[in-house]
Amino acid sequence: MNAVELINFSAGYGRKDVLRTVNIGFKSNAISAIVGPSGCGKTTLLRSINRTAELERGYNCHGDIRIFAQSVMDVKNVSNVRRQVGMVYQTPVALPLSTKENVLFGPRYYGGKSNAEMDAIVEDCLHRVALWDEVKDRLNQSASQLSGGQKQRLAIARALAVEPQVLLLDEPCSSLDPASTGLIEELLKELAVGLCVIIVTHNLFQARRIADETVFMMDGQMIEKGLTSKLFISPSDEKTRSFFSGLVG
Amino acid sequence: MNKRAIADKLLIGFFWVSGLLILLVLVAIISYLIWRGGPFISREFILGDPAGIPLGSEGGIYPAIKGTLWLVLLALVLSVIPGILTAIYLSEYGCSGGLAEIINLLVQSMTGVPSIVIGLFVYALGVVTLGWGISLLAGGTALAIMVYPVIVISSRDALQGVDENYRLIANSLGVSKSYTLYRVILPRAAAGIIAGILLSLGYAAGATAPILVTAAAVIANSSGALFEPVMALPYHLYILFNEHLSMNYAYATALVLVILLLIINILALWLNSLQERINGR
Ligand SMILES: Nc1ncnc2c1ncn2[C@@H]1O[C@H](COP(=O)(O)OP(=O)(O)OP(=O)(O)O)[C@@H](O)[C@H]1O
Ligand SMILES: [Mg+2]
């Protein structure tokens, strides 16, 4: 079963169409990469899945998005969808709180946990993003002093802390150095066990390195989707071929 | 040196000259006040009641200082909470709605209402119709109406200055706006909001027109009772000067008022630069 499924999904801002009748399924326990030229609608697609796109002025959509067969479109309390679908953005940003409180930002809001359980969440999430050893001695210090790569891992930990089933990442490594990028790629592979990970990237090598499946988008449409190994070696669509050769070759 | 570099130099020179001119005017005003009023400032002047014949030509200005502080305090009590709440609505909740635009427009127009008109309005409504009489309550209300838009605009700008990414992150976690506001946005904007409140405090302390017809008396003990008239520094100054009671005391009173305002404004400036540093981090 697909973890996330877009069915005849279209979206736009005002009169401008951004996504046109997209049909894609994303698997659970796997990493899917979305690639495509700038402005083709990748961010809009991600933000539609966790229903934050509707915060933008003029956003409109139709069609359906399902998460584990449940439609998210007619959920009354959007908070439930957003909690289920974590999202990490391009710019590494720490909330102006301590490292610990960054991780607990969601859990404290949803409540219902003892202090000991909260501490356990912090340790567990920071372990999962390989940040624990670096910050365990300064959990209560401001997270603003962390490096970009650390902040981005903290952002992933913050998203994991509310136990999402889907994790969306929008070009998470585009402002990071190769070492931090490598670190994040490794931990994403580990996270994909038990989670549906969808990553938008401009780095085709990155898609090749970590993605089980890759989706190629252009002009708001899905052009081609397939196993990464297959798609990169023998794309069946002419547009995919020229996009890959233009950027890789 | 090329043309652009020369233009830059000229422009920078121009900024320097205009900055110096403003500084010069300020220094001139203050030195003149110190020269004319300084010798008359004493313990008795600050802490004594007006005395002499005619009243005010001797003694002190303590009730006027007290009255101004009461007026400003009341104005803030009445305006700060509504002002900040309006700002929060404008910045956090009404982003896409027509109502926010209407409120923005109203607030903007309120800044343009002459303060004497606000005074007359409160006179008609509060002093006469509601029977408050010339009173601290009426004066505080008039000043509150005057500073309300200032507080709204400065708080709104402080809130909007907070990194948009924080809201995006919080929204993506499904967290409510009020929680985000309370844990992140308000603490982040606090310095700017307080700076705006201080600026409007100074604005209220120096205003004469709104209290002229609503609160001020030539002589009063300014006890803080809501339904009694009060003395106030700017009004006292106006009387001393206008009735030729004592030019010396007029300058001394002006000096006290200016020093008070200067302290408040410097504090506000410092908080504003603190806020800029916070935003930059
Ligand atoms: N809030 C908005 N209001 C109006 N138009 C928008 C808005 N956000 C994005 N768009 C437009 O929608 C189109 C798709 O934008 P989107 O950000 O989804 O593309 P993208 O594939 O993520 O691009 P990039 O690779 O540059 O991040 C673009 O043409 C963009 O200008
Ligand atoms: Mg994008």
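Note that the structure is a prediction, hence the values are computed from the model and not measured.

Conventions we followed
Residues numbered from 1 in each chain as written. Chains lettered and ligands numbered in written order. Predicted model: local features only at pLDDT ≥ 70, side-chain atom pairs only at ≥ 80, totals over all residues. Heavy atoms only, no water. Helix = DSSP H or I, 4+ residues; strand = E, 2+ residues; numbered from the N terminus. Rg over C-alpha atoms; globule rule 2.2 N^0.38 Å. Buried < 20%, exposed > 50% of the residue type's maximum accessible area, 1.4 Å probe, protein only. Contact = heavy atoms within 4.5 Å. Areas by Shrake-Rupley, 256 points an atom, 1.4 Å probe, with all protein chains shown as cover. Buried area = accessible area lost by both parts, 1.4 Å probe. Salt bridge = Lys/Arg side-chain N within 4 Å of Asp/Glu carboxyl O. Pairing = 2+ DSSP bridges. Near = heavy atom within 4 Å. Polar contact = N/O pair within 3.5 Å; in protein donor to acceptor, adjacent residues only side chain to side chain. pLDDT = per-residue confidence, 0-100. Axes fitted to C-alpha atoms, helices over the stretch in contact; angles between N-to-C directions. Parallel < 35°, antiparallel > 145°, perpendicular 65-115°, else oblique. Left-handed = near helix turned anticlockwise from the far one by under 90°. Core = buried A, V, L, I, M, F, W, Y, C linked by side-chain atoms within 4.5 Å. Domains from an automatic or database assignment.

Turning our eyes to something else, we now look at the overall build of chain A. When you go through chain A residue by residue, the secondary structure sums to eleven helices and ten strands. By the compact-globule yardstick of 18 Å for 249 residues, chain A fits well, its C-alpha radius of gyration being 18 Å. Sorting the 249 residues of chain A into buried and exposed places 54% on the buried side. For chain A, the share of sequence-separated contacts (at least 6 apart) that also reach a separation of at least 24 residues comes to 66%. Split by element, the accessible area of chain A, about 10,900 Å² in all, is 47% carbon and sulfur.

Think of interface size as the accessible area that goes away when the parts come together; that is how it is often given. Opposite the 25 residues of chain A that make contact, chain B presents 19 residues. Summed over both sides, the interface of chain A with chain B buries roughly 1,900 Å², with 66% coming from carbon and sulfur. It is Pro96, Phe105 and Tyr109 of chain A in chain A that bury the most area against chain B; as a group they hold 31% of the surface buried on that side. Our count for the chain A to chain B interface comes out at one salt bridge.

Residue and element names in this part refer to chain A. If you walk across this open sheet you meet the four strands as 2-1-4-5, and the pairing is antiparallel. On the outer flanks of this sheet lie strand 2 (16-27) and strand 5 (70-71), each paired with one strand and no other. Bridging between strand 1 (residues 2-13) and strand 4 (residues 59-67) involves eight bridges; their strand directions are antiparallel. Residue Val4 lies in a different strand from strand 4, and its bridge partner there is Ile67.

Moving on, we get to the pairing of strand 9 (residues 213-218) of chain A. All names here are of chain A. Strand 9 sits mainly inside the fold: five of its six residues count as buried. Two strands pair when backbone bridges link them, and strand 3 (residues 30-35) and strand 9 are joined in this way by four bridges, in the parallel orientation. Each residue of the ladder has a partner; that of Val35, found in strand 9, is Phe216. Pairing of strand 9 with strand 10 (residues 221-227) involves six bridges; the strand directions are antiparallel.

For the rest of this paragraph, the subject is the site of ligand 1. All names here are of chain A. In the vicinity of ligand 1, 13 residues are found, and the nearest of them are Ser38, Gly39, Lys42, Thr43 and Thr44. Within the backbone of Gly39, one N or O atom sits 2.8 Å away from an oxygen atom of ligand 1. The contact in question runs from an oxygen atom of ligand 1 to an N or O atom on the side chain of Glu171, over 3.3 Å. In the complex, 66% of the free accessible area of ligand 1, which totals 640 Å², lies under the protein chains. Broken down by secondary-structure element, the contributors of at least two residues to the shell around ligand 1 are strand 2 and helix 1 (42-49).

Attention now goes to the confidence of the model for chain B. The share of residues in chain B with pLDDT of 70 or more is 98%, and the mean pLDDT across the chain is 89. Scoring of the predicted complex yields 0.87 for pTM and 0.92 for ipTM.

Okay, the sheet that holds strand 6 (residues 85-88) of chain A next. Residue and element names in this part refer to chain A. Taken together, the six strands give an open sheet; going across it, the order is 6-7-8-3-9-10, and neighbouring strands pair in mixed fashion. Edge positions in the open sheet fall to strand 6 and strand 10, since each of these has one partner strand only. Strand-to-strand twist in this sheet, taken as the mean axis angle between neighbours without regard to direction, amounts to 20 degrees. Against the sheet, helix 8 (residues 178-191) engages strand 3, strand 7 (166-170) and strand 8 (196-200), with an angle of about 160 degrees to strand 7.

All names here are of chain B. Relative to each other, helix 10 (residues 233-242) and helix 11 (residues 247-280) sit at 160 degrees, their axes nearing to 9 Å. The angle between helix 10 and helix 11 falls in the class roughly antiparallel. Crossing of helix 10 over helix 11 shows left-handed handedness. From helix 10, Leu233, Pro234, His236, Leu237, Leu240 and Phe241 reach across to helix 11, where they touch Met247, Tyr249, Ala250, Thr253, Ala254, Val256, Leu257 and Leu260.

What follows concerns the nonpolar core. Membership of the largest hydrophobic core comes to 75 residues, with the highest contact counts inside it found for Phe105 of chain A together with Leu71 and Leu143 of chain B. Residue assignment for this core shows that the elements contributing at least two residues are helix 3 (62-93), helix 5 (115-129), helix 6 (136-160), helix 7 (164-172), helix 8 (177-206), helix 10 and helix 11 of chain B. If sequence neighbours within four positions are ignored, Leu143 of chain B has contacts with Leu71, Ala75, Ala204, Ala207, Pro210 and Ile211 of chain B. Counting residues in each nonpolar core, the second largest holds 48 residues, with Val103, Leu187, Ala192 and Phe232 of chain A among its members.

Attention now moves to helix 1 of chain A. All names here are of chain A. Summarising burial for helix 1: seven of the eight residues are buried, a large majority. Of the residues making up helix 1, those classed as buried are Lys42, Thr44, Leu45, Leu46, Arg47, Ser48 and Ile49. Following helix 1 by one or two positions, Arg51 adopts a phi angle in the positive range, close to 55 degrees.

With that settled, consider unusual backbone geometry. All names here are of chain A. One non-glycine residue, Phe68, lies in positive phi territory at about 45 degrees. Looking at the element boundaries, Phe68 is found in the loop between strand 4 and strand 5. Residue classification places Phe68 among the partly exposed residues on the basis of a relative accessible area of 25%. Positive phi values are uncommon outside glycine, yet Asp219 reaches one of about 50 degrees. If you trace the backbone, Asp219 turns up in the loop between strand 9 and strand 10.

Our next topic: the domain arrangement of chain B. All names here are of chain B. What the domain assignment lists for chain B is domain 1 (3-40) and domain 2 (43-280). When each unit is reduced to the centre of its C-alpha atoms, the spacing between domain 1 and domain 2 is 28 Å. Across the boundary between the two partners, domain 1 contributes eight residues, which contact ten residues of domain 2. The junction of domain 1 with domain 2 conceals about 840 Å² of combined surface from both sides, 79% of it contributed by carbon and sulfur atoms. Looking at the side of domain 1 facing domain 2, the largest losses of area belong to Leu33, Arg36 and Phe40, adding up to 65% of the total buried there. Across the domain 1-domain 2 interface, the total number found is zero salt bridges. In this assembly, domain 1 and domain 2 are joined by zero residue pairs in polar contact (both at pLDDT 80 or more).

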